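This is what each chain is made of:
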Amino acid sequence: MSRRPAHVTTGPYAPPVPRTTRTVTSADGARVYAEIHGPESAPAVVLAHGWTCSTAFWAPVVRELAADHKVVVYDQRGHGRSPAAGPAGHSTHALADDLVAVLEATLEDGERAVLGGHSMGGMTIMAAAERPQLRARAAAALLCSTGSADLPAESRVFPLRSPGGRRRAHRLMLRSRAPLGPISPLTRSALKYATMGPGATTEQVEACARIVHACPSAVRARWGAVLDGLELTGGAGRLELPTAVLAGTADRLTPLVQARRLASVLPDFRGLTELPGRGHMTPVEDPGAVSGRLRALVRDHLRTAGTPPAATAEPPRATRQKKEQQKEGTA
């Protein structure tokens, strides 16, 4: 019996054909597969996917943006068409290395981009917060359905009353090497429960199931171990570029408490978008909302040559605090 493709091949969730592809070499020699969609001269958006996913996960968002944006997507190491690294090649440092390597390889001299990261992709952006390449290349960022720390304690896939029991259950899930098995009605139902909102369609569940089941179990477990010990709240606090946050209210993997924590520590926070009834897979469940926030960040923060800057929607948090302190001092 032939194996199912690693993604759906028809409909809005099927990956569009890229304009070009690249093999990017990261700092430790790891090879990273990247795609470029849309016009070369258009404003650039670079998207990083999450745990167990691939470039195909961004398909509906790429379709929304590629008519008038240059869109770069890449496979995190071990996912999709990027080869797996050795055990030592799994860390938030490696994630940051890969992101800055992709930015340098796919953007032209002096070109900047708006970054979008879903789940582990958002963590990738936080991990790279202090990299000079990120600060030079990134004009703004959108963090989708992500968190910075305490994932086993705060996830709600296993709604156990005991915090210790909940933490242990989620750690076992993150580190598990058990094969997911063939896609079936049972595994679709389990995936929908764990990662999607109750209103997710059959087509959306199928698209996500194909992608997640294609991730090798060893890769899933190694990156799950990184997520188990994640601590990037400090990185989020040093992400000194305009950053918006987006999350589904029914997200069990990275619940809203995670998004609200990010909102409290980001130095240039540009708003939290809460999507009612959506789960963890927001770029698939509501691609219009995700692409809309990316478009707004491009409009407000990414300037093309000869375009006068528009007024910013709101000053950075640090500037607001300074103004408030000045007011208090003259009261």
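Residues numbered from 1 in each chain as written. Predicted model: local features only at pLDDT ≥ 70, side-chain atom pairs only at ≥ 80, totals over all residues. Heavy atoms only, no water.

Observations concerning the layout of surface pockets
Okay, so step 1: If you add up the space inside the largest pocket, you get close to 640 Å³.
Okay, so step 2: Only α6 (163–175), α7 (185–195), α8 (202–213) and α9 (217–228) provide two or more residues apiece to the lining of the largest pocket.
Okay, so step 3: Ranked by residues supplied to the lining of the largest pocket, first place goes to α7 with six residues. (1 Å grid on protein atoms, 1.4 Å probe; cavity = no way out; pocket = protein on both sides within 12 Å on 5 of 7 lines; lining within 4 Å. Points joined across faces, edges and corners; volume = space filled by probe spheres on them. Helix = DSSP H or I, 4+ residues; strand = E, 2+ residues; numbered from the N terminus.)

Some thoughts on helix α11 (residues 256–265)
Okay, so step 1: Three or more residues of α11 are buried, namely Leu256, Gln258, Ala259, Leu262 and Ala263. For α11, the angular spread of the buried residues around the axis is 160°, confining them to a single face. (Buried < 20%, exposed > 50% of the residue type's maximum accessible area, 1.4 Å probe, protein only. Arc of directions from axis to C-beta.)

Examining the pairing of strand β3 (residues 44–48)
Okay, so step 1: Here β3 lies mainly inside the structure; five of its five residues are buried.
Okay, so step 2: Burial along β3 is two-sided: the face carrying Ala44, Val46 and Ala48 and the face carrying Val45 and Leu47 are both buried.
Okay, so step 3: Bridge analysis of β3 against strand β4 (residues 70–74) gives five bridges, and the strand direction is parallel. Of the residues in β4, the one forming a bridge with Leu47 is Val73.
Okay, so step 4: Between β3 and its parallel partner β4, the chain crosses via helix α1 (residues 59–65), and the hand of that crossover is right-handed.
Okay, so step 5: Bridge count between β3 and strand β5 (residues 113–118): five bridges; the pairing is parallel. By the bridge assignment for β5, Val46 is matched with Leu115. (Pairing = 2+ DSSP bridges. Right-handed = clockwise from strand over helix to strand, strands pointing away.)

Brief notes about α6
Each α-helix turn comprises 3.6 residues. Residues three or four places apart therefore point the same way.
Okay, so step 1: End to end, α6 covers 18 Å across 13 residues, agreeing with the expected 18 Å (1.5 Å per residue, within 8%).
Okay, so step 2: All buried positions along α6 are accounted for by Gly165, Arg166, Ala169, His170 and Leu174. Taken around the axis of α6, the buried residues stretch over an arc of 165°, which confines them to a single face. Along α6, the residues that are exposed and aim more than 90 degrees away from the buried face are Arg168 and Leu172. (Expected span 1.5 Å × (residues − 1).)

Things to note about the packing of aromatic side chains
Okay, so step 1: Under the defined criterion, the tally for this structure stands at one aromatic pair.
Okay, so step 2: Taking 6.3 Å as the distance between ring centres and 75° as the angle between the ring planes, the aromatic pair formed by Phe57 and Trp58 counts as edge-to-face.
Okay, so step 3: On the accessibility criterion, Trp58 (0% relative accessible area) is buried. (Phe/Tyr/Trp six-rings, centres within 6.5 Å; stacked < 30°, edge-to-face > 60°.)

Considering the nonpolar core
Okay, so step 1: Within the largest apolar cluster, 49 residues are counted, with the highest numbers of intra-cluster contacts made by Leu99, Leu115, Met123, Leu134 and Leu266.
Okay, so step 2: In this view, Leu99 contacts Tyr74, Leu115, Thr124, Ile125, Ala128 and Leu134; residues no more than four positions away in its chain are not counted.
Okay, so step 3: Of all hydrophobic cores here, the second largest spans 22 residues; its members include Val45, Val62, Ala289 and Val298. (Core = buried A, V, L, I, M, F, W, Y, C linked by side-chain atoms within 4.5 Å. Contact = heavy atoms within 4.5 Å.)

A word on the pattern of salt bridges
Okay, so step 1: In the structure shown here, the tally under the stated rule is 19 salt bridges.
Okay, so step 2: Residues Asp97 and Arg131 are paired through a salt bridge, measuring 2.8 Å at the closest nitrogen-oxygen approach. Taken together, the residues span a long stretch of sequence, with Asp97 in helix α2 (residues 92–106) and Arg131 in the loop between α3 (120–127) and α4 (132–137) at a distance of 34 residues.
Okay, so step 3: With relative accessibility at 12%, the residue Asp97 sits in the buried group.
Okay, so step 4: What makes Arg131 buried here is its relative accessible area of 16%.
Okay, so step 5: Residue Arg175 is joined to Asp228 by a salt bridge in which the shortest nitrogen-to-oxygen separation is 2.6 Å. Pair noted here: Arg175 is in helix α6 and Asp228 is in helix α9, with a separation of 53 residues, a long-range link.
Okay, so step 6: Judged by its relative accessible area of 46%, Arg175 is partly exposed.
Okay, so step 7: The exposure class assigned to Asp228 is buried, which follows from its relative accessible area of 10%. (Salt bridge = Lys/Arg side-chain N within 4 Å of Asp/Glu carboxyl O.)

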